[in-house]
Amino acid sequence: MAGKTLYDKIWDAHVADEADDGTCLLYIDRHLVHEVTSPQAFEGLRMAGRTVHAPDKTIAVPDHNVPTTLDRVNGVIENEESRIQVEALDKNAKDFGLHYYPVSDVRQGIVHIVGPEQGWTLPGMTVVCGDSHTATHGAFGALAHGIGTSEVEHVLATQTLIQKKSKNMKVEITGKLKPGVTAKDITLAVIGVTGTAGGTGYVIEYCGEAIRDLSMEGRMTVCNMAIEGGARAGLIAPDEKTFDYVKGRAHAPKGAQWEAAMNWWKTLYSDDDAHWDKVITLKGEEIEPVVTWGTSPEDVLPISAVVPSPDSFKGGKVEAAKRALEYMGLEAGTPLDQIKIDAVFIGSCTNGRIEDLREVAKVVKGKKVADGVRAMIVPGSGLVRAQAEEEGLAEIFEAAGFEWRLAGCSMCLAMNPDQLAPGERCASTSNRNFEGRQGYKGRTHLMSPGMAAAAAVTGHLTDVRTLN
Amino acid sequence: MEKLTKLRSVAAPLMEDAIDTDVIFPARFLLLLERDGLGRYAFNERRGGNEPFVLDQPPYDKAQILVTGETFGTGSSREQAVWALADLGIRCVIARSFGEIFHANCFKNGVLPIRLQGEEMARMEKAARAGEEVEVDLPSQTIRVGDTAIAFEIEANRKRALMAGLDEIGAILSDDAEALAAYEERRARETPWLVLAPEQFGQIKSEEDAA
């Protein structure tokens, strides 16, 4: 019999019931909840007179719509709809007895940054959240994926999901990355190869030397964007780095429980003879710093390239590329590193962790944000913000002319006042460059934190390796 | 959930690839707490231009079926994308492929997503553009247009749920209660670190908890 993949092992450990047709009742170990995709689910529970099945496994934090300006500490959310939504979460967390980090809590932040930070996310778990970037937690060897609001209600009521197993896909990044190339470049480069549909129906396991060499922060960045490659979940097998990161966190097991957990966690890897339905291999040393040029995350090119001609594509992509260039206000043939920008956004569940901010500080130290560029750094959590201040990073950002904000999702999806104006162009460390994603008619180029920092300094898309 | 068995209507052609959920339902409308009446915000950025949006033009304003390209509904998990489509009267989306979370969300809201490829998809596109009447028959898993019958795939449990308008949560709480309790009991024994309440680690649960 063939061995098992990491995904197979986690899946098998969580099947609470199985129907004849292979449909499973999958048990959920951690349910993360935020203010935007949950109110209708809690309302559904109330209407049906149901309760939360496992409030101790349910963690709530507002992040999507919260303001990130410093006046937030006064406790005022000016936008009435945002305030009502956050107050609904306050009330639901209290009424149903959930673990809760309100806006006023220093530990508040983006749900996918708070979960790992507080030790809620552990290897071998199943983790869900009403947010597609739940894939982030896969960096710990946890099976983690996004769900819709109906499924949020389902997990609240039953702590389970009705699921069919996905297929296994291996994405191997061999060798070493070149200097200036980061986890973000890996994950964008993979999407550039697979396309946004390539991972559909699969759970991806990322492996290989370049992945093993990444920090936990970098691994979270890689898994975070599994969804942009079409896969609901991305995984990385846990190792010593994972265990070191988890150990001592507020909700990680302690003492004898830690030892018992480690005994299982050390079995969480794909067996050598496991079956893979699809395998993709990229050479780490061939990955360049990349940026997106269009309105799909698969529109990825090295920064040294030029804006492509729509005619260079095939099928439906020709029309899509024409439309994308029109939306983005770009001409085919323009060198990518000559594209001028109006705004820079550094943050999000993709790149809002301390390591990302260190990268930015390295690039902008002693430099200034270019004239006419609005640049914003939004830490992923209150604790990331506190640490950046302790390390002196915040001073560097402010001296360079960045706005240094409070934690939240912010301009990644522009639900709060942090938005692009129509036609504005942004160098962004977020995860989606869809039409209107960062504001009505806003234009987004995705890239790594170092690349976004370089663009802030020069005022145009820039190869971070050319800056001194 | 409203039951779904058979639909008969024109099919609206939206022949573009990679229509993401931000296009279907822009993020700024996610501030609304409702799940009903969201159709008016659907495709907001595509409507109100010089060209009327396909779902606003007769006969497609009455369409219950949408025909579209690759990776429809890719992106965010927002279920508002499905709620808004359903509010516009769309009960079936026929695409080359779907974003996975959108695909799952459809089944929770009485909307049938169908994947078609090649000539079958070309036939659907032609029918949609010509305003032909299309019949979608879920029990027999068949689309009929003119003299053509096209078979489609759907998982048995999802088909049952759509046809019955099933309340899955109620079904699980009644039918799987024993299996669930047994599983939780076993996990509590085998992996106690997962189920120990944090209080048992000596943690404090509220915001007074030290950072």
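Cut-offs used in this document
Within each chain, residue numbers correspond to sequence positions counted from 1 in written order. Chain A is the first chain written and ligand 1 is the first ligand written, with later ones labelled in order. Given that this is a predicted model, residues contribute local features only at a pLDDT of at least 70 and side-chain atom pairs are listed and counted only at 80 or more, while totals for whole chains, interfaces and linings are drawn from all residues. The basis for every side-chain value is the complete set of non-hydrogen atoms in the structure, without hydrogens or water. UniProt positions are given in the numbering used here, feature names are shortened, and annotations may be inferred rather than shown by experiment. Strands are runs of DSSP state E lasting at least 2 residues, helices are runs of H or I lasting at least 4, and numbering of each runs from the N terminus. A radius of gyration in this sense is built from C-alpha atoms; the matching globule rule multiplies 2.2 Å by the number of residues raised to 0.38. Exposure is judged per residue with a 1.4 Å probe applied to protein chains only, and the accessible area is read against the type maximum: over 50% gives exposed, under 20% gives buried, and values in between give partly exposed. In this scheme, strands are said to pair when DSSP sees at least two bridges between them. Under the pairing criterion, centres of Phe, Tyr and Trp rings, with the six-membered ring standing for Trp, must be within 6.5 Å; the plane angle then separates stacked pairs below 30 degrees from edge-to-face pairs above 60, leaving the rest tilted. Only when the NZ of Lys or the CZ of Arg is both within 6 Å of the ring centre and within 35 degrees of the ring normal is a charge said to sit over the ring. Put simply, buried Ala, Val, Leu, Ile, Met, Phe, Trp, Tyr and Cys residues joined by side-chain atoms within 4.5 Å make one nonpolar core. Contacts are assigned to residue pairs that have any heavy atoms within 4.5 Å of one another. The axes are straight lines fitted to the C-alpha atoms, using for helices just the contacting stretch, and the angles between their N-to-C directions are given from 0 to 180°. When two components associate, each loses some accessible surface as probed by a 1.4 Å sphere; the sum of these losses over both components is called the buried area. Whenever Lys or Arg places a side-chain nitrogen within 4 Å of a carboxyl oxygen from Asp or Glu, that contact is recorded as a salt bridge. Throughout this description, a polar contact denotes any pair of N or O atoms lying within 3.5 Å of each other; where both atoms belong to protein, one of them has to be capable of donating a hydrogen while the other can accept it, and for residues adjacent in sequence the pair is counted only when both atoms sit in side chains.

In the nomenclature of an unreviewed UniProt entry, chain B is known as 3-isopropylmalate dehydratase of Maritimibacter alkaliphilus HTCC2654. Here chain B is described in UniProt, under the heading Catalytic activity (unreviewed entry), as follows: "(2R,3S)-3-isopropylmalate = (2S)-2-isopropylmalate".

For chain A, an unreviewed UniProt entry supplies the name 3-isopropylmalate dehydratase large subunit and the organism Maritimibacter alkaliphilus HTCC2654. Check the Sequence similarities (unreviewed entry) section of the UniProt entry for chain A; it says "Belongs to the aconitase/IPM isomerase family. LeuC type 1 subfamily." UniProt's Function (unreviewed entry) comment on chain A is quoted here verbatim: "Catalyzes the isomerization between 2-isopropylmalate and 3-isopropylmalate, via the formation of 2-isopropylmaleate."

A.B. asks: Account for the overall build of chain A, naming residues and giving values.
C.D. replies: The helix and strand tally for chain A stands at 16 helices and 19 strands. On C-alpha atoms alone, chain A measures out to a radius of gyration of 21 Å, which is about the 23 Å that the 2.2 N^0.38 rule sets for 468 residues. In terms of overall dimensions, chain A has C-alpha extents of about 55 × 55 × 45 Å along its principal axes. Counting all 468 residues of chain A, 67% fall into the buried class.

A.B. asks: Describe the pairing of strand S16 (residues 374-377) of chain A, and please don't skip the residues or the numbers.
C.D. replies: The side chains of a regular strand alternate between the sheet's two faces. All names here are of chain A. In terms of strand pairing, strand S15 (residues 343-346) meets S16 through four bridges, oriented parallel. From the neighbouring strand, Ala343 faces S16, where its bridge partner is Arg374. Across two bridges, the pairing between S16 and strand S17 (residues 403-404) is parallel. The residue bridging Ile377 from the neighbouring strand is Trp404, located in S17.

A.B. asks: Pulling in residues and values, what's your account of the packing of aromatic side chains?
C.D. replies: Residue and element names in this part refer to chain A. Evaluation of the coordinates by the stated rule reveals 17 aromatic pairs over all chains. Between Phe140 and Tyr245, the aromatic rings sit 5.3 Å apart at their centres with planes inclined by 65°, giving edge-to-face as the arrangement. On the criterion of sequence distance, the pair formed by Phe140 in the loop between strand S6 (126-129) and strand S7 (143-146) and Tyr245 in helix H9 (residues 240-246) is long-range, its members being 105 residues apart. When the ring centre of Tyr269 is taken as origin, the NZ or CZ atom of Lys9, which lies over that ring, is 4.2 Å away. If you follow Arg249 out to its NZ or CZ, it ends over the ring of Tyr245, 3.9 Å from the centre.

A.B. asks: Account for helix H5 (residues 149-158) of chain A, with residues named and values stated.
C.D. replies: Residues and elements named next belong to chain A. Counting buried positions along H5 gives ten out of ten residues, so the element sits mostly inside the fold. Regarding H5, the residues found buried are Thr149, Ser150, Glu151, Val152, Glu153, His154, Val155, Leu156, Ala157 and Thr158. Looking one or two residues past H5, Gln159 carries a phi angle of roughly 60°, positive in sign.

A.B. asks: Could you give me a rundown of the nonpolar core, with the residues and numbers involved?
C.D. replies: Judged by nonpolar contacts, the single largest core of 88 residues is most densely connected at Val344, Val364, Phe397 and Phe402 of chain A together with Phe43 and Phe72 of chain B. The dominant element in this core, judged by the number of residues it contributes, is helix H16 (residues 449-458) of chain A, at seven residues. Each residue touching Phe72 of chain B, except ones within four places of it in the same chain, is listed here: Leu14, Ile19, Ile24, Leu66, Leu85, Val93, Ala95, Ser97, Phe98, Gly99 and Phe102 of chain B. Ranked by size, the runner-up nonpolar core spans 65 residues in total, among them Ile186, Cys223 and Ala261 of chain A together with Trp193 of chain B.

A.B. asks: Break down the sheet that holds strand S10 (residues 202-207) of chain A for me, citing the residues and quoting the values.
C.D. replies: Residues and elements named next belong to chain A. One open sheet holds the four strands; their spatial order is S11-S10-S9-S12, and the pairing between them is parallel. Each having just a single partner strand, strand S11 (233-235) and strand S12 (278-283) make up the two edges of the open sheet. Strand-to-strand twist of the sheet, defined as the mean angle between neighbouring strand axes without regard to direction, takes the value 20°. Pairing between strand S9 (residues 167-174) and S12: six bridges, direction parallel. Looking at S12, one finds that Met169 is bridged to Lys278.

A.B. asks: Go over the UniProt feature "binding site: [4Fe-4S] cluster" (unreviewed entry) in chain A, please, and point to the residues and values.
C.D. replies: Residue and element names in this part refer to chain A. Look at the UniProt record and you will see "binding site: [4Fe-4S] cluster" (unreviewed entry) annotated at Cys349, Cys409 and Cys412. With the annotated positions falling across 64 residues, the maximum pairwise C-alpha distance of 8.8 Å places them together in a single cluster. As for its placement among the helices and strands, Cys349 is situated in helix H12 (residues 348-351). What makes Cys349 buried here is its relative accessible area of 7%. Contacts of Cys349, omitting those with residues within four sequence positions, involve Ile110, His112, Ile113, His133, Thr136, Asn224 and Asn431. Structurally, Cys409 is set in the loop between S17 and strand S18 (425-428). Here Cys409 falls in the buried class, since its relative accessible area comes to 7%. Discounting chain neighbours no more than four positions away, the residues touching Cys409 are Asp63, His64, Ile110 and Phe345.

A.B. asks: If you had to explain helix H3 (residues 100-107) of chain B to someone new, which residues and values would you point to?
C.D. replies: The periodicity of an α-helix, 3.6 residues per turn, causes residues three or four places apart in sequence to face the same way. Most of H3 of chain B is tucked away: eight of the eight residues are buried. When H3 of chain B is considered as a whole, its buried residues turn out to be Glu100, Ile101, Phe102, His103, Ala104, Asn105, Cys106 and Phe107 of chain B. Those residues of H3 of chain B hidden inside the fold are in contact with S7 and S10 of chain A together with helix H1 (21-24), helix H2 (80-87), strand S4 (112-115) and helix H5 (156-164) of chain B.

A.B. asks: Describe the sheet that holds S16 of chain A, naming the residues involved and giving the relevant values.
C.D. replies: Residues and elements named next belong to chain A. The five strands lie next to each other as S17-S16-S15-S18-S19, forming an open sheet whose pairing is parallel. Edge positions in the sheet fall to S17 and strand S19 (443-446), since each has one partner strand and no second. Bridge analysis of S18 against S19 gives four bridges, and the strand direction is parallel. What sits directly across from Cys426, in S19, is Thr444. Against the sheet, H16 touches S15 and S18, its axis set at about 155° to S15.

A.B. asks: Can you explain the interface of chain B and chain A? Please cite residues and give values.
C.D. replies: With 63 residues of chain B at the contact, the number on the chain A side is 80 residues. Interface area for chain B against chain A, summed over the two sides, is near 5900 Å², with a carbon-plus-sulfur share of 58%. On the chain B side of the contact with chain A, Leu31, Glu100 and Trp193 of chain B bury the most area, a combined 13% of that side's loss. At the junction of chain B with chain A, the criterion picks out five salt bridges. For Glu435 of chain A, the salt bridge identified is with Arg46 of chain B, shortest N-O distance 3.2 Å. Between chain B and chain A we count 19 residue pairs in polar contact (both at pLDDT 80 or more) in total. Taken together, the elements giving at least two residues each to the side of chain B that touches chain A come down to H1, H2, H3, H5, helix H6 (168-175), helix H7 (177-190) and helix H8 (192-195) of chain B. Ranked by residue count, the leading element in the side of chain B that touches chain A is H7 of chain B, at six residues.

A.B. asks: Tell me about the pattern of salt bridges, and please be specific about residues and values.
C.D. replies: Enumeration over the complete set of coordinates arrives at 48 salt bridges over all chains. The salt bridge involving Arg465 of chain A is made with Glu288 of chain A; its shortest N-O contact spans 3.0 Å. With Arg465 of chain A in the segment after H16 and Glu288 of chain A in the loop between S12 and strand S13 (290-292), this residue pair connects regions lying 177 residues apart in the sequence. What makes Arg465 of chain A partly exposed here is its relative accessible area of 35%. In this structure, Asp56 of chain B and Arg47 of chain B form a salt bridge, with 2.8 Å as the shortest nitrogen-oxygen distance. You can call Arg47 of chain B partly exposed: its relative accessible area is 22%. Within this structure, Lys6, Arg8, Glu135, Asp137 and Arg144 of chain B form a network of salt bridges that share partners.

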